Amino acid sequence: MTKDEAFAKLAKSKFRSRFKLAADDLAYIERVGLETIRRHAEDFVRDKLGHAEPANDGKQTPMRGHPIFKAMHGSAMCCRCCMEKWWHVKRGVPLTVAQKAKAVDFLMAWVKRRMV
């Protein structure tokens with residue numbers, strides 16, 4: 001599935017499509033820059049999703065507090081259950097380096113689309 005196809009599919013979900021970047025999110029991104037946001041995305045994907053059985057799976061990603069948290073929910077990458085349902089990424093198996101990179105790339109695409 002291409003990024004455009006994935007965004008179109010996510011847009012059809014009432015829950016996923018409600019996540020937006022607020023003014024404070026945009027100000028934060030402006031202040032720290034997209035490179036820092038990418039590093040945060042890498043950290044969050046590694047720590048919250050990368051393990052075979054993440055702690056508190058299904059409840060580990062806050063709904064607000066960081067632009068990437070909103071991106072994770074808006075992209076259905078907030079927990080391994082959602083990743084399995086939306087992205088067909090098996091639970092119970094650690095994410096590969098390639099899967100982590102793909103998740104980070106999509107999260108950053110989500111952020112960039114909502115910055116305009």
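Please refer to the structure higher up on the page.
The rules behind these values
Chains are numbered independently. Their residues run from 1 in the order of the written sequence. Owing to the predicted nature of the model, reporting of local features is limited to residues with pLDDT of at least 70; listing and counting of side-chain atom pairs is limited to 80 or more, with chain, interface and lining totals taken over all residues. Only hydrogens and water are set aside; all other atoms, that is, all heavy atoms of the structure, feed into the side-chain values. Secondary structure is summarised from DSSP: a helix means a run of H or I of at least four residues, a strand means a run of E of at least two, and numbering begins at the N terminus for each. As defined in this context, the radius of gyration uses C-alpha atoms, and a globule is described by 2.2 Å times the residue total to the power 0.38. Here's how the labels work: a residue is buried when its accessible area is under 20% of the maximum for its type, exposed when over 50%, partly exposed in between, all with a 1.4 Å probe on protein chains only. Fitting a line to C-alpha atoms yields each axis, with helices limited to the stretch in contact; the angle taken between N-to-C directions then spans 0 to 180 degrees. Every angle not falling under 35 degrees, over 145, or within 65 to 115 is termed oblique; those three ranges are roughly parallel, roughly antiparallel and roughly perpendicular. Any two residues whose heavy atoms approach within 4.5 Å at even a single point are treated as in contact. Grouping buried Ala, Val, Leu, Ile, Met, Phe, Trp, Tyr and Cys residues that are joined through side-chain atoms within 4.5 Å yields what is termed a nonpolar core. A patch consists of residues exposed above 30% relative accessible area that lack any salt bridge, with like charges linked at up to 9 Å and nonpolar side chains (Val, Leu, Ile, Met, Phe, Trp, Tyr) linked at up to 5 Å. Only the protein chains shown count as cover for residues, and the accessible areas themselves come from Shrake-Rupley with a 1.4 Å probe. The term salt bridge refers to a pairing of a side-chain nitrogen on Lys or Arg with a carboxyl oxygen on Asp or Glu at a separation within 4 Å.

K.L.:
Report on the overall build of the protein, specifying residues and quantitative values.
P.N.:
Assigned secondary structure in the protein consists of six helices and zero strands. Secondary structure elements of the protein occur, N-terminal to C-terminal, as α-α-α-α-α-α. Computed over the C-alpha atoms, the radius of gyration of the protein is 13 Å, within 12% of the 13 Å expected from 2.2 N^0.38 for a compact globule of 116 residues. For the protein, the spread of C-alpha atoms along the principal axes amounts to about 35 × 30 × 25 Å. Evaluated residue by residue, the protein yields a buried proportion of 42% over its 116 residues.

K.L.:
Describe the packing of helix H4 (residues 67-74) against helix H6 (residues 97-114), with residues and values.
P.N.:
Two elements in contact, H4 and H6, have axes separated by 9 Å at closest approach and are oriented at 105°. Taken together, the axes of H4 and H6 lie roughly perpendicular to each other. Across the interface between the two elements, Pro67, Ile68, Lys70, Ala71, Met72 and Gly74 from H4 touch Leu107, Met108, Trp110 and Val111 from H6.

K.L.:
Could you give me a rundown of unusual backbone geometry, with the residues and numbers involved?
P.N.:
A positive phi angle, near 55°, is found at Asn56, a position not held by glycine. As for its placement among the helices and strands, Asn56 is situated in the loop between helix H3 (34-49) and H4. A relative accessible area of 60% places Asn56 in the exposed class. One non-glycine residue, Ala76, lies in positive phi territory at about 60°. Among the structural elements, Ala76 can be located in the loop between H4 and helix H5 (80-87).

K.L.:
Could you give an account of the nonpolar core, with specific residues and numbers?
P.N.:
Counting 33 residues, the largest nonpolar core has Ile68, Met77 and Trp87 as its most contacted members. For this core, the elements supplying multiple residues, two or more each, are helix H1 (3-11), H3, H4, H5 and H6. Ranked by the residues each element gives to this core, the list is headed by H6, at eight residues. With residues near it in sequence (within four places) discarded, Met77 still touches Leu49, Met72, Met83, Trp87, Ala103, Phe106 and Leu107.

K.L.:
An account of the environment of Lys12 is needed here, citing residue identities and associated values.
P.N.:
Tracing the chain through its elements places Lys12 in the loop between H1 and helix H2 (23-32). By relative accessible area, Lys12 is classed as exposed at 74%. Counting along the chain gives 83 residues from Lys12 to Leu95, while the straight-line C-alpha distance between them is 26 Å.

K.L.:
An account of a nonpolar patch on the surface is requested, with residue identities and associated values reported.
P.N.:
On the surface, Leu26, Leu34 and Met115 cluster together to form a nonpolar patch covering roughly 200 Å² of accessible area. You can see Leu26 is positioned in helix H2. Judged by relative accessible area, Leu26 falls into the partly exposed class, the value being 31%.

K.L.:
Let's hear about the environment of Gly33: which residues, and what values?
P.N.:
Relative to the elements of secondary structure, Gly33 occurs in the loop between H2 and H3. Gly33 gets classed as partly exposed once you look at its relative accessible area, which sits at 23%. In the structure, Gly33 is positioned 83 residues away from Val116 in sequence and 15 Å away in space, judged by C-alpha atoms.

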